[in-house]
Amino acid sequence: MAVKVPMPKFGLSMEEGTIAEWLVKEGDYISKGQAIAEVNSEKLTNNAESEFEGTLLKILVEVDDTVECGTPIAIIGEAGEDISALLGGEAAPAAAPAPETAPADPAKAAADANVKLVPMPKFGLSMEEGTIAEWLVKEGDHISKGQAIAEVNSEKLTNNAESEFEGTLLKILVDVDETVECGTPIAILGEPGTDISAFTGGAPAAAPAPEAAPAAPAAAPAPAPAAPVNVNITPRAKKYAEEKGLSYAHIKGTGIGGAITIDDVKKNGVSKDAPAKDPADVNITPRAKKYAEENNLLYAHITGTGIGGAITIADVKANGIPATKAEPAAPAAAPAAPAPAAVPAAAPKASGAAPQVAATVQDGDQIIKMSSMQQTICKAMYNSVHGTAQARIMTEINVENLTKLYKQLKPKYSAVGVKLSYTAFIVKAVAMALENHEAVRTQYVDDKHIKITNKIDIGVAVDVPNGLVVPVIRDANLKDLRQICIDLSDIVDRAKNNKLTSDDFGGGITSITNLGMYNVTYTTPVLNGAEPTILGCGSIFEKPVIKNGGIFIEHVMNLTITHDHRISNGGPVARYLKEVSDNLSDFKWA
């Protein structure tokens, strides 16, 4: 069945796009994910990729034409397929041969031209698919342009799908809890009474899918040719991998021409003799796990970029290792008679999962299903506590000077539309301290490897309805206090309004959680994913302070740093915490 390819939306702020160049022509066969056009918007130039497979039957938008996001730009279907119902107008009579499938008359065919297909939105370039968590409207409702019509869950966030069109909701195409790829139509809008049989009667078209199934086995042999000799890797990266004993054939390179770089190897190289990790201990999203199993990919070695460090589908696609590559190692382990030793090893795993405490349900209790975000947080926090060696260091610091500076700067910042906050001061203080403490920028990779990062991206915990998100301020050490205030206000506002994208998450080297506004004295936060530290901040309050032989009433604040003791010992972490404290007392940088 022919489908319309919509003008893509590269980011939530993009409203319309201009076709700069068509990369294909009518009659070409299009593969799923293939770039078909170059699109210009006000902020960037990007490629429009097809979410569908088939023949390009019609180009609907010419070069240099500008249309709103979601507007059809092309039609893809079977070669020779009648698309008059999708085009409308005078071409409608061509639908005459179609009575066998749907007795649509020219009037109805013309009406179909007004039908609008609402696609599954793409919240960030790394999002591959979405799950309908809840429909906020029902069939028959009138929908305004920009109206939120459904709540969508992805691996990294929960957001609202907004309609790019105005009209009546004629049909909901995707049910609650159903997962579809970005760009797939999830609803149909149009005028009441419009014939949409051409769009809903395409169920039989799914039948040919089994024919595509045989293609899967054809893909199976792909792992075999992945011999290291054919891998596109830079000489330096190859030398580094060989010196460190790391496998790299599975890595998706980020260098020129897709070459694997040293950074790629450091991040995703797998120790050739690393012990296998129990799948039950791996923090991976259900959809990513399903994808890995369906495609026979190993994933335990991957550093996740999802919420709480969870491995996402994108992570598996980029760095999953075909299981066939691991098979040679299996026979080697088989001859080793110590197989029985593996049995006792598994026992502790099973017993380790049992201690999870569950509430007893009694009459009158209200049982509520957790949202996708709540389920993700639940699993991530449990895995964080049980998969790391978390230790905490606490200190009380004098912030009398900080409160005075805050009062001085707040009206000046407000006058230029910038919101100053104590959290912004803390982000700046942490960013400056991180530059000088390599030990706190060190992360655990596996039992034999660690990595040190010089990119200082800092996550900030934001309380949102039914959950918690930790968007990241990128390159915080390169920004002054004012820019941090601007970035912080932006991510907090977008978090509160479900406007964050998947690009706002992942990659942080530390996180900050500030509960001072809730009159909290101390907090002992849990590590966020693979990050080696997290800083918890309490409220600022007055107390008697002994100074220079006298007693004064001054402002103080308590800080707690949780660190992964597997790699960050108490001494280095304490020195880092002292510098953070000093930065909150000395404002030569402000």
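Above this text you will find the structure in question.
Numbering of residues starts from 1 in each chain and follows the order in which that chain's sequence is written. In view of the model being predicted, local features appear only for residues whose pLDDT reaches at least 70, and side-chain atom pairs are presented and counted only at 80 or more, with totals across whole chains, interfaces and linings using the full set of residues. Excluded from the side-chain calculations are hydrogens and water; all other atoms, namely the structure's heavy atoms, are used.

(A) Examining the overall build of the protein chain more closely. Here a strand is any run of E in DSSP of at least two residues, a helix any run of H or I of at least four, and the numbering for each starts at the N terminus. A count of helices and strands for the protein chain gives 16 helices and 30 strands. Accessibility here uses a 1.4 Å probe with only protein chains present; expressed as a share of the type maximum, an area under 20% marks a residue as buried, one over 50% as exposed, and anything in between as partly exposed. Burial status across the protein chain gives 43% buried among its 590 residues. Residues count as neighbours in contact if any of their non-hydrogen atoms are within 4.5 Å of one another. Taking all contacts inside the protein chain whose residues are at least 6 apart in sequence as the whole, residues at least 24 apart take part in 62%. The method behind every accessible area is Shrake-Rupley, applied with a 1.4 Å probe, and residues are considered shielded solely by the protein chains displayed. Of the roughly 30000 Å² of accessible surface on the protein chain, 54% is carried by carbon and sulfur atoms.

(B) Inspection of unusual backbone geometry at higher detail. You will see that Asn296, though not glycine, has its phi angle at about 55°, which is positive. With respect to the helices, strands and loops of the structure, Asn296 is situated in the loop between α8 (286-294) and β19 (297-298). For Asn498, which is not a glycine, the phi torsion comes out positive at approximately 55°. Within the fold, Asn498 resides in the loop between α15 (481-496) and β28 (510-514).

(C) Up close: a negative patch on the surface. Each patch is assembled from residues with relative accessible area greater than 30% and no salt bridge, linking like charges that lie within 9 Å and nonpolar side chains (Val, Leu, Ile, Met, Phe, Trp, Tyr) that lie within 5 Å. Note on definitions: salt bridges are taken to be side-chain nitrogens of Lys or Arg within 4 Å of carboxyl oxygens of Asp or Glu. Charge assignment in this entry is limited to Lys and Arg as positive and Asp and Glu as negative, and neither His nor the chain termini are counted. Lysine's charge is taken at NZ, arginine's at CZ, aspartate's at CG and glutamate's at CD. There is a patch of like negative charges on the surface, built from Glu26, Glu62, Asp64 and Asp65. The residue Asp64 is located in the loop between β6 (54-59) and β7 (66-68) in this model.

(D) Structural view of the nonpolar core. Definition used in this section: a nonpolar core is a set of buried Ala, Val, Leu, Ile, Met, Phe, Trp, Tyr and Cys residues joined via side-chain atoms within 4.5 Å. Counting residues in each nonpolar core, the largest one holds 50 residues, and the members touching the most others are Phe425, Val430, Ile458, Leu535, Leu559, Val580 and Leu584. In terms of residues, this core owes the most to one element, helix α14 (residues 422-435), which gives 9 residues. Excluding residues within four positions of it along the chain, Ile458 makes contact with Val427, Val430, Ala431, Leu434, Pro471, Val472, Ile473, Ala476, Thr510 and Ile512.

(E) A look at the packing of α14 against helix α16 (residues 570-583). Between α14 and α16, the least distance of the axes is 8 Å, while the angle of their chain directions is 135°. Considering the angle they form, α14 stands oblique to α16. For the pair α14 and α16, the sense of crossing is right-handed. The residues of α16 that touch α14, namely those facing Ala429, Val430, Met432, Ala433 and Leu434, are Tyr576, Glu579, Val580 and Asn583. In terms of residue class, the contact of α14 with α16 is made up of 7 nonpolar, 1 polar and 1 charged. The angle between two axes is taken between their N-to-C directions and runs from 0 to 180 degrees, where each axis is a line fitted to C-alpha atoms and a helix contributes only its stretch in contact. Working rule for angles: under 35 degrees goes down as roughly parallel, over 145 as roughly antiparallel, 65 to 115 as roughly perpendicular, anything else as oblique. Crossings are assigned a handedness: left-handed for a near helix turned anticlockwise from the far helix by less than a right angle, right-handed for a clockwise turn. Each residue is assigned to one of three groups, with Ala, Val, Leu, Ile, Met, Phe, Trp, Tyr, Cys and Pro labelled nonpolar, Asp, Glu, Lys and Arg labelled charged, and all others, Gly among them, labelled polar.

(F) Molecular detail of the sheet that holds strand β4 (residues 35-40). The antiparallel open sheet is built from 4 strands, whose spatial order is β5-β4-β2-β7. If you trace the sheet from one side to the other, it starts and ends with β5 (45-49) and β7, each paired once. Between one strand axis and the next, the sheet turns by 45° as a mean value, whatever way the strands run. Here, strands pair whenever DSSP counts at least two bridges between them. In the sheet, strand β2 (residues 16-22) pairs with β7 via 3 bridges, with the strands oriented antiparallel. Pairing of Gly17 across the sheet is with Val67, part of β7.

(G) Main features of the packing of aromatic side chains. Stacked, tilted and edge-to-face are the three classes assigned to paired rings of Phe, Tyr and Trp, where Trp is represented by its six-membered ring and a pair needs centres within 6.5 Å; plane angles under 30 degrees give stacked, over 60 edge-to-face, the rest tilted. Counted according to the given criterion, the structure contains 1 aromatic pair. Seen in terms of ring centroids, Tyr406 and Tyr422 are 4.2 Å apart; in terms of plane orientation they differ by 20°. Their pairing is stacked. A residue pair is termed long-range when its members are at least 10 positions apart, and Tyr406 in helix α13 (residues 400-415) and Tyr422 in helix α14 qualify at 16 residues. Comment: the charge-over-ring label is applied if NZ (Lys) or CZ (Arg) is within 6 Å of the ring centre and within 35 degrees of the ring normal. One Lys or Arg, Arg482, reaches over the ring of Tyr413 and ends 5.1 Å from the middle of that ring. A cation sits over an aromatic face here: Arg566 above Tyr444, 3.8 Å from the ring centre.

(H) Inspection of α16 at higher detail. Expected span of a helix, by definition, is 1.5 Å for each gap between consecutive residues, and there is one gap fewer than residues. A rise of 1.5 Å per residue sets the reference length of α16, with its 14 residues, at 20 Å; its end C-alpha atoms lie 20 Å apart and thus fit the reference within 8%. Within α16 the residues assigned to the buried category are Val573, Tyr576, Leu577, Val580, Ser581 and Asn583. Buried residues along α16 cover an arc of 160° about the axis, so they all sit on one side. In α16, those exposed residues whose orientation departs by more than 90 degrees from the buried face are Arg575 and Lys578. This arc is taken over the directions from the axis of the helix to the C-beta atoms.

(I) Region of interest: the pattern of salt bridges. The full count for this structure, using the stated rule, is 16 salt bridges. Within this structure, Lys455, Asp457, Arg474 and Asp475 form a network of salt bridges that share partners.

(J) Up close: the pairing of strand β8 (residues 72-77). Burial of β8 is extensive: 6 of the 6 residues sit out of reach of the surface. For strand β1 (residues 3-6) and β8, the ladder comprises 4 bridges, and the chain directions are antiparallel. Looking across to β8, one finds that Val5 is bridged to Ala74. Judged from the 4 bridges that link them, β6 and β8 form a sheet pairing that is antiparallel. Bridge pairing links Thr55 to Gly77 in β8.

(K) How the structure looks around the pairing of strand β10 (residues 129-135). The element β10 is largely enclosed, with a buried count of 5 among its 7 residues. Direction of pairing for β10 relative to strand β15 (residues 179-181): antiparallel, over a ladder of 3 bridges. Each bridged residue has a counterpart across the sheet, and for Glu129 the counterpart in β15 is Glu181. Note: β10 against strand β12 (residues 148-153), 4 bridges, orientation antiparallel. Opposite Thr131, over in β12, you have Asn153 as the bridge partner.

Interpretation in functional terms is not warranted from these geometric data alone.
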